[in-house]
Each structure stands twice: as structure tokens, then as C-alpha cells.
Amino acid sequence: MSWLANPIGRLVKAGVLKVLSSGPVPDHLAIIMDGNRRYAKQNRLGSAAAGHYRGFDKLREMLFWLLDVGITNVSVYAFSIDNFKRSDEEVGALMSLALDKFRALLSDPDLIHRYEVKVLVTGDLSLVPRDVRAAAEELMEATSGNNKCVLNICFAYTGCYDIGSAVDRVAARVAEGSLAPSDVDAAAVRDSLLTGGMPPVDLLLRTSGEKRLSDFLLWQCSRAHLAFIDTLWPDLSLWDVAGVLLDYQDTRWRQPCR
Ligand SMILES: CC(C)=CCC/C(C)=C/CC/C(C)=C/COP(=O)(O)OP(=O)(O)O
């Protein structure tokens with residue numbers, strides 16, 4: 001167990017989170033949780049799946065930090081459409097993990113109920129097994145009345161799919177007559193994205209040293225501050241998060257009106 005769980009550690013953590021919450025915090029933080037397989041290898045966990053399970057535990061731990069700091073919209077890249085190209089064994093393990101965790105989040109009083117988190121699962125859910133889709137839909141339905149925070153789990157997702165399907169929805173509205181062709185503009189496409197009413201991403205964090213967007217929230221990140229750190233996702237610490245947020249706050253103080 002981390003030292004942050006002992007009484008002194010809890011005080012230090014509360015102090016760090018309080019300091020961070022006193023500066024400007026992003027309205028919307030997006031995270032590419034990269035490095036689970038390398039973490040599994042380095043720590044001899046025996047399978048990539050074990051690294052992904054550690055990855056979920058880190059996500060849950062980090063969400064408490066972010067919500068305590070006052071960040072109210074968090075998007076995470078949990079499974080890209082490109083991830084279907086991985087081995088059947090790994091894809092199957094990631095689907096089982098999602099099924100398990102979507103069900104666990106349904107009854108997670110400390111996180112979902114206490115912080116009143118609405119959970120969205122966004123992506124092409126027609127591509128995922130029926131039981132995973134049903135669990136995702138049940139989770140979204142059960143949390144749809146929560147309105148303090150949004151956790152957007154991008155699953156079977158890519159930014160190109162998101163933009164393409166938004167354009168399809170706009171075209172369908174034009175075809176049925178509910179939108180005039182002259183009213184088709186960037187705002188109409190933006191409002192049809194899977195992220196719906198979420199604000200644009202202010203800060204994108206990617207772990208593990210890779211400096212790429214990997215087709216994540218391309219439209220939503222058009223003005224985002226980008227943070228790339230070397231830490232593998234399951235190793236992410238409170239200090240990593242503090243460093244990224246302090247850097248973001250420094251940028252906001254220097255450029256208040258972007
Ligand atoms: C249901 C839910 C919210 C699950 C969250 C679990 C989680 C953290 C999933 C991320 C999966 C993923 C493809 C990570 C990228 O690391 P990688 O596998 O590419 O690792 P590598 O870069 O070391 O190869």
C-alpha cells in the first residue's frame with residue numbers, strides 16, 4: 001500500500017490537492033493511459049492483462065485526486081478501435097476487464113455516488129461484445145441523473161470515428177428536414193460529437209514517453225495544452241499529477257486569454 005494511505009501521507013496528499021485546487025484547473029482533462037504492457041513486463045506480472053488491471057486501479061485512484069482538485073470533466077482512452085488489432089487473448093482480456101469494471105462502477109459509492117459522477121462510454125459500441133455493451137449502457141443509464149462531474153470512458157473509440165459519425169448525424173438531420181443545409185457549420189458538427197455537451201479539452205496528458213495523439217479526441221483537443229510524461233501509467237504518482245497541473249497553471253497564468 002502506498003505511503004499516501006498512512007495518516008501523515010493523507011495530510012500531505014490533502015495539502016497538495018488543496019494547493020492545486022487554488023489555481024486554475026482544467027474544465028476538461030483528457031488522458032491517454034499508456035504503458036500498461038511495459039509495466040506488466042518490467043514487474044514480471046506474467047500477462048499484459050495484469051498490467052491493464054493495474055491500469056484500472058490507477059485510474060480509480062487518480063480520479064479521487066482529480067475530483068478533489070475540482071476537475072469536473074475527465075475523458076480517458078480505455079480502448080481504441082485500433083486496439084482490436086491486438087492478439088485475441090489481449091482483446092478478450094480487455095473486454096473482460098471492461099465488463100468487470102463497468103459492473104463494479106455501478107455500485108461504487110465512494111467514487112460514483114459521493115462525487116455524483118455521470119459516466120459516459122463513448123465509441124462504436126456495435127463493435128464490442130453484447131454483454132460489454134449492455135453493461136456500458138446500464139452504467140450510463142444508472143448515472144445519467146448525476147450532474148457534478150462527467151467521466152467519459154472512450155471505448156472502441158477513435159477521434160476520426162467520432163468526427164465521421166458526427167458528420168453522418170448532421171447529414172441525417174439535413175436529409176430528414178430538421179436542419180437547413182445553410183445551417184451546417186462547425187458548431188453543428190461539434191454539437192453532434194460523442195462528447196455532446198462536454199467542454200473542449202483544456203489539458204491532454206499522455207504517459208509512458210510517447211508523444212503522439214493516437215487519434216484521441218482530435219476535435220475536442222484542438223486548443224488543448226499537451227503534457228507528455230515518461231512515467232508508465234500504472235506507476236503514475238501524485239507528484240506526476242501535481243507537476244502536470246502546476247505546469248498547466250503556469251501556462252494559464254502567463255496566457256490567461258488564449
Ligand atoms: C474499463 C476501463 C475504464 C479500463 C481502463 C483500463 C486501462 C487503463 C486501459 C488502457 C488500455 C490500453 C490499451 C493502454 C495502453 O497501454 P499499452 O497496452 O499500449 O501499453 P504499452 O504502451 O506498454 O504497450
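Okay, so let's go over this structure. (Residues numbered from 1 in each chain as written. Predicted model: local features only at pLDDT ≥ 70, side-chain atom pairs only at ≥ 80, totals over all residues. Heavy atoms only, no water.)

**So, the side chain of Gln220**
As a reminder, the rule being used: Strands here mean DSSP runs of E at least two residues long; helices mean DSSP runs of H or I at least four residues long; both are numbered from the N terminus. Under this definition, polar contacts are N or O atom pairs within 3.5 Å; protein pairs additionally need one hydrogen-donor-capable and one acceptor-capable atom, and for neighbouring residues in sequence, both atoms have to be side-chain atoms. Contacts were defined at the residue level, with two residues in contact if any of their heavy atoms lie within 4.5 Å.
Mapped onto the secondary structure, Gln220 falls in the loop between strand E5 (203-206) and strand E6 (225-228). Engagement of the side chain of Gln220 in a polar contact is seen with the side chain of Thr195, the distance being 2.8 Å. Excluding its chain neighbours within four sequence positions, the residues that come into contact with Gln220 are Tyr157, Asp162, Leu193, Thr195, Pro200 and Val201.

**Observations concerning the pairing of E6**
Short version of the rule: Think of it in three bands: with a 1.4 Å probe and only protein chains considered, a residue is buried below 20% of the maximum accessible area for its type, exposed above 50%, and partly exposed in between. Only strands joined by at least two bridges in the DSSP assignment are considered to pair.
Of the two faces of E6, only one is covered, namely that formed by His225 and Ala227; the face formed by Leu226 and Phe228 stays uncovered. The pairing of E5 with E6 spans four bridges and is classified as parallel. Its bridge partner lying in E6, Leu203 is registered against His225.

**Concerning the packing of aromatic side chains**
Condition: Only Phe, Tyr and Trp rings take part, Trp by its six-membered ring, and two of them pair if their centres are within 6.5 Å. Stacked means planes under 30 degrees apart, edge-to-face means over 60, and tilted covers everything else.
Here the structure, examined in full by the defined rule, presents eight aromatic pairs. On the basis of an interplanar angle of 75° and a centroid distance of 5.7 Å, the ring pair of Phe102 and Phe155 is categorised as edge-to-face. Here Phe155 lies in strand E4 (residues 149-157) and Phe102 lies in helix H4 (residues 88-106), a separation of 53 residues in the sequence. Phe102 sits in the buried class, given a relative accessible area of 4%. The exposure class assigned to Phe155 is buried, which follows from its relative accessible area of 3%.

**Structural notes on the pattern of salt bridges**
Cut-off, in case you're wondering: By salt bridge we mean one thing: a side-chain nitrogen of Lys or Arg within 4 Å of a carboxyl oxygen of Asp or Glu.
Tallying each qualifying case throughout the model produces eleven salt bridges. Lys58 is the salt-bridge partner of Glu61, the closest N and O atoms lying 2.8 Å from each other. Taken as a pair, Glu61 and Lys58 lie in helix H3 (residues 48-69) at a separation of three residues, close to a single helical turn. For Lys58, a relative accessible area of 10% corresponds to the buried category. For the salt bridge of Glu210 with Arg212, the shortest nitrogen-to-oxygen distance reads 3.2 Å. What makes Glu210 partly exposed here is its relative accessible area of 27%. Residue classification places Arg212 among the partly exposed residues on the basis of a relative accessible area of 44%. Among the ionic contacts, a cluster of salt bridges with common partners joins Asp34, Arg38 and Arg206.

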